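Read off the chains here:
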Amino acid sequence: MASKAVYSQRDPMLKKRDDFEDILEERRNSSDLRYALRCYAPVVYKGLCPSKAGTLKSMVLQSDQLHYVIHQVCRETGRAVDDVQEEVSSILEEMAHRLQLSTVRFFAFTLSKVFKTLFRSICVNEEGIQRLQQAIQEHPVVLLPSHRSYMDFLLMSYLLYTYDLALPVIAAGMDFMGMKFVGEMLRMSGAFFIRRSFGGDKLYWAVFSEYVKTMLKNGFAPVEFFLEGTRSRTSKSLTPKLGLLNIVMDPFFKGEVFDVSLVPVSISYERILEESLYARELLGVPKPKESTSGLIKARKVLSEDYGSIHVYFGQPVSVRSLAEGRVNRCQFNLIPRHIPKKPSEDIHSFVNDSAYRLVRAQEENMVLKPWVLLASLLLQNQVSGQKRGIALDELTEQAVWLRDLSRQYGAFLHWPEHTPPSEVVSSSLSLHRGLVRISEGRVQLALGQTGGPAAPGEPRSAVTPEEELLSQAVIILSCASYRNQALHVFLRPALLASAIHTASSNKKQEVFNSFSFLRNMFSNEFILCPGATVQDFEEACYLLVKTGALQVTQQDVLVTERGHRTLVFLTSMLDPFLQGYQVVCRFLCEEATEALTEKQFIPAVRKFIIKHLLAGRLRYTEVLSSDLQKNSLAALLRLGAVRKIKGAEQGTLKVNTVMVNSLEDTLGGKLPTQKAVIARL
Amino acid sequence: MASNSSGGSSDRQRIAQQRLRIIAGHLQRPVDGDSAILAAECKAQGSKPDTSREEKTVPRRRQEIMKWNGWGYSDSRFLFNKKGQAEFTGKRYRLSGMIIPGLKDWFECTFGASLQHKTPATPLLNSSAVQPPTLNEAFVEELKSTGIPFSQDAEDRVFRAHGHCLHEIFALREGKFGRVPDMVVWPNCHNDVVKIVELASKHNVCLIPYGGGTSVSSALECPPEETRSIVSLDTSQMNRILWVDEKNLTAHVEAGIVGQDLERLLNESGYCTGHEPDSMEFSSLGGWVATRASGMKKNIYGNIEDLVVHIKMVTPQGVIEKSCQGPRMSTGPDIHHFIMGSEGTLGVVTEVTMKIRPMPEYQKYGSVVFPNFEQGVACLREVARQRCAPASIRLMDNEQFKFGHALKPQVSSIFTSFLDGLKKFYITKFKGFDPNRLCVATLLFEGDREKVLQHEKQVYDIAAKFGGLAAGEDNGQRGYMLTFVIAYLRDLGMDYYVIGESFETSVPWDRVLDICRNVKARIVRECKERGVQFPPLSTCRVTQTYDAGACVYFYFAFNYRGLSDPVHVYEQVEHAAREEILANGGSLSHHHGVGKLRKEWMRETVSNVGMGMLKSVKDYVDPNNIFGNRNLL
């Protein structure tokens, strides 16, 4: 069943992917009510001991692990056992799901209505469903969908219900609980709630991990959670969180189950519901607290066309096969298994590697729409300073070129086969008419209108330059979020292209050093598997050589005549990030005071960037994205160029100006890579 | 035989007697005089080597009564008769001469095997296919002068070149022989062994001690790289009980005696050792010591390390033994523990003083059906917690329960079959047990009648708490009988493309269920991945309980039609299964030993320092590697 290679053979072109079926088609032709009330009898795990949500709770409460931790907490704090036990019960009460078929049926009915209004189609690879069905019977299953929208987990449950598969229990952030009624509804449709941060809370951790493990081990239901931890506001995959993955792998390590199947699921939206919401959030308008009334207000979205959704259920990945030869399970032989133990070094790195591979598996099966390519091209065009936009036929020509290139790089592109390219382009543009403006046969981003389409009702008078900039940024970041969907396709070649650009010579070693530096620098920004530098370099070389853009000899890396266009495109793709990191470095060198705290960092750097943008010293408006700023800070912290001083002020940042400076110069190609590497050491 | 002091020929006593008959009673041949219990001089001295040969249970020419390429006695085997019914030949066992109607269907359904597809063994040993012996002439010359019998006959040598691992038997059936010993010697007493070891050291000859030949760890295989002459030292003629000390309840026994003889002879004077490994018909006392054997009734009598009071072993450095028979000593590390488990790498165990017990007044079998394996294990755990385990308690999983069922002999009366039907109805319909999940525990109680009955009640009460239903003595007894015939069954399987083996481990209580599930699943998966065309039989049972854990036995067999190298596939699967055992907290072996089969895992099992300790003992005791079977290290 489970393939050993979670992702990617050498030539991505050879990648075989399943076909899709539209599930909404049937919904449009038959009764939703009958559908919601139909007989639902899913296949279940062969080792399942049937249990109700209530029994599950008592199993957790009686578990050895909880007993142990409860007594440990009592010993440490001097609290009474009853007292702690009480706390455990209430944590569990707060956390536990109450999956009910009736609620699921309710959702099945209403979501059918909603989906039919919002989306043209919801396409699912049915072979993936069949694989999942098989996997569910054999081993406990963990569903790992990508996370781009609130829609994701309702959609997942809806799909599983549609295909008569066991409904998952879903780890959801506590913020949903704020929405009283909805929170409870979600709970009854299988969500269980976890606090966002509980780092030091031993008791909470114990309850939580035991709860998840109990469900998993008993095969109660597939466990679903988001590897990325939260919705990606940028449509880039986020650095995976390891906590839950560790928990679901643990029963395998300890021999409590024979195997666990991890099923990466890629959900791609042609248009994301939260599009401009995300952009605003990234620009510093704080995220509205989830509330029921907020959700109702959001009903406006119901009147718009959000295109189609593609859901790809990936190949189930067997934890057992992943761990073969990497994890020595004997390490658990000498301590009772119920005593919680920090994962050892090798377990930790194994879980981390697996998480990256799974996220990459998600990325690889993300369906890309033509618009994603158009957004990339339009953004590059906008930056190149052509105020009048690009001619429609030129855009079409470029899109066709990029289509072919991305396919050669293995993109999972859904480009309608039998439609003329110009039609494909114009229909894509019309779906995203809020982001583009077409006039006189020329296309450009809709930057002119202040306020933008997503922020109506605001006073338009007396717009300051800063406000105008921010409203433009909303459009640009929205657009960038679509471009980002394709980033994983171009990332490695783009890193190589930039490395060639910044390297001081054509020597292969130089280029590699430069590549390795950039890769290291950006490893908080993109999904780059730890320790796979050489592999990534080779993959990038392979792709660029294959497409004739590069000649790689024993010693040298040479750009060919016809490779120029490709390399320009690729470097431009990475350029905003390069510049963003540089500007953050500059900020830290120039403006950071002694007392800069981590909390103040984002507003301060934003102010700095706005200043530079208005002064015309910066080209990329998307540098305003707080995501990029956070990631660059994380990278600098990781590299030791900035240190966090723990103590009085919560997280004061201490900047190593020399090192930050040299990193900035290296990013800008002013310093050879070697130096920066030394500086890091 | 069983002395039933409480009189009356109740059913239970009848069964108890039968039980003893199964174990020992098939040896109703005349007992030779000098094996009576008395201290005796070494037989070799002065007597002609061949005189009393025919009267021994284990003759020098073992092939005369035992199969040369399969398990056990030549006259006892399973076969499918002309009507396609399974039957067991011979007269030795309770099952002998009986028709087993359910076996064919079970066999065909479980393995997808067919009686049409046969894989018969090479019937006769072709001596010319055996390598001619590499002899050390000087050694042979000097050996001759001692008068100790020896042989260079191909049949004798081949017989001692193997244990009973699947690959060994498979090769024999195909008539293939690897490196075999170059000669066989039969010492008659301790002094003979001393002479042989001296000569071997003097002439640099490799010695491989051979007891019952029931090894399942490749321990008896001759290392192919061995260039010296290999001499198999067969202890079977050192089979006397030298004395019995009724005051201390000990017996001093020559180490070549096989289990059934030891029990039979002791029984004659009202004693027993209580040590009953499944192989007890053929395995020898010296072999038990050398592998750290375990007996079925260890809950009462203990394992071999608990039973042994004194050991005499001949090594190239001389004889090792303790100076007294104190029941426990604090005199540094126990030197017995260098000997027990040394697997023939240090020397030959020649004489052992063992604890003996008066024969139990009363024996009773029993069985309990559980709704599922989990409940069964929970019950065994509770029994162990309360330390009230009967002489033996074993829990079979569902597959084995079905297997045991398939081995029910033809019932003679309509009434019995009606009763069986009723029982089945009660358990599956009335009690709601799922026939595909239920499992059965077999029990054996021993002791005085009062206590046995009391004990029995206690155990059944515990079982009831775990949903267990008493399922009768007959089921229990059949369970134990299976132990003795299962090895014969493998030979039947091998006639029809089915190969299999059992292996064991010991594991802490909390891991028992997990290890059973995972190892069974691993076997199924490995078979599939390696191209086995039919789902394998992958089953287990818990055979011993301890305070801190249990011994688990796995049985694994598959139909190898369509495979070009079935033995290789088999070995890969077994290897994977062992890895799985270790990854699940199981031990490398509970009582089979390491031999050469499991050597690769020794270092991780005992750590580097542990290996070093064992190595340095070997280096001191046997610097020239005279005992060169290369087991263990």
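Residues numbered from 1 in each chain as written. Chains lettered and ligands numbered in written order. Predicted model: local features only at pLDDT ≥ 70, side-chain atom pairs only at ≥ 80, totals over all residues. Heavy atoms only, no water.

A.B. asks: Tell me about unusual backbone geometry, and name the residues and values.
C.D. replies: Residues and elements named next belong to chain A. The backbone phi angle of Glu440 is positive, close to 55°, even though this residue is not glycine. By secondary structure assignment, the location of Glu440 is in the loop between β11 (436–439) and β12 (442–445). Here Glu440 falls in the exposed class, since its relative accessible area comes to 73%. (Helix = DSSP H or I, 4+ residues; strand = E, 2+ residues; numbered from the N terminus. Buried < 20%, exposed > 50% of the residue type's maximum accessible area, 1.4 Å probe, protein only.)

A.B. asks: A description of a negative patch on the surface should follow, citing residues and the corresponding values.
C.D. replies: Taken together, A:Asp19, A:Glu21, A:Glu25 and A:Glu127 make up a surface patch of like negative charges. Of note, A:Glu25 is situated in helix α1 (residues 24–29). (Patch = residues over 30% accessible without salt bridge, like charges linked within 9 Å, V, L, I, M, F, W, Y side chains within 5 Å. Areas by Shrake-Rupley, 256 points an atom, 1.4 Å probe, with all protein chains shown as cover. Salt bridge = Lys/Arg side-chain N within 4 Å of Asp/Glu carboxyl O. Lys, Arg positive; Asp, Glu negative; His and termini not counted. Charge placed at Lys NZ, Arg CZ, Asp CG, Glu CD.)

A.B. asks: Can you break down the domain arrangement of chain B residue by residue, with the values?
C.D. replies: All names here are of chain B. Assigned domains of chain B: these are domain 1 (62–111), domain 2 (127–236), domain 3 (241–358) and domain 4 (497–592). Placing a centre on the C-alpha atoms of domain 2 and another on those of domain 4 gives a separation of 31 Å. Here domain 2 packs against domain 4, burying approximately 650 Å² in sum over the two surfaces, 71% of which is carbon and sulfur. For domain 2, the biggest contributors to the area lost against domain 4 are Leu166, Phe170 and Val216; these three give 76% of the whole. Between the two partners, domain 2 and domain 4, sit zero salt bridges. Our count for the contact surface shared by domain 2 and domain 4 stands at one residue pair in polar contact (both at pLDDT 80 or more). (Domains from an automatic or database assignment. Buried area = accessible area lost by both parts, 1.4 Å probe. Polar contact = N/O pair within 3.5 Å; in protein donor to acceptor, adjacent residues only side chain to side chain.)

A.B. asks: An account of the interface of chain A and chain B is needed here, citing residue identities and associated values.
C.D. replies: Of the residues lining the interface, 14 residues belong to chain A; the matching set on chain B comes to 13 residues. Here chain A packs against chain B, burying approximately 1200 Å² in sum over the two surfaces, 36% of which is carbon and sulfur. Where chain A touches chain B, the interface holds five salt bridges. Residue B:Arg525 pairs with A:Asp259 through a salt bridge whose shortest N-O separation is 3.8 Å. Our enumeration of links across chain A and chain B arrives at 11 residue pairs in polar contact (both at pLDDT 80 or more). Its residues assigned to classes, the side of chain A that touches chain B shows four nonpolar, four polar and six charged. (Contact = heavy atoms within 4.5 Å. Nonpolar A, V, L, I, M, F, W, Y, C, P; charged D, E, K, R; others polar.)

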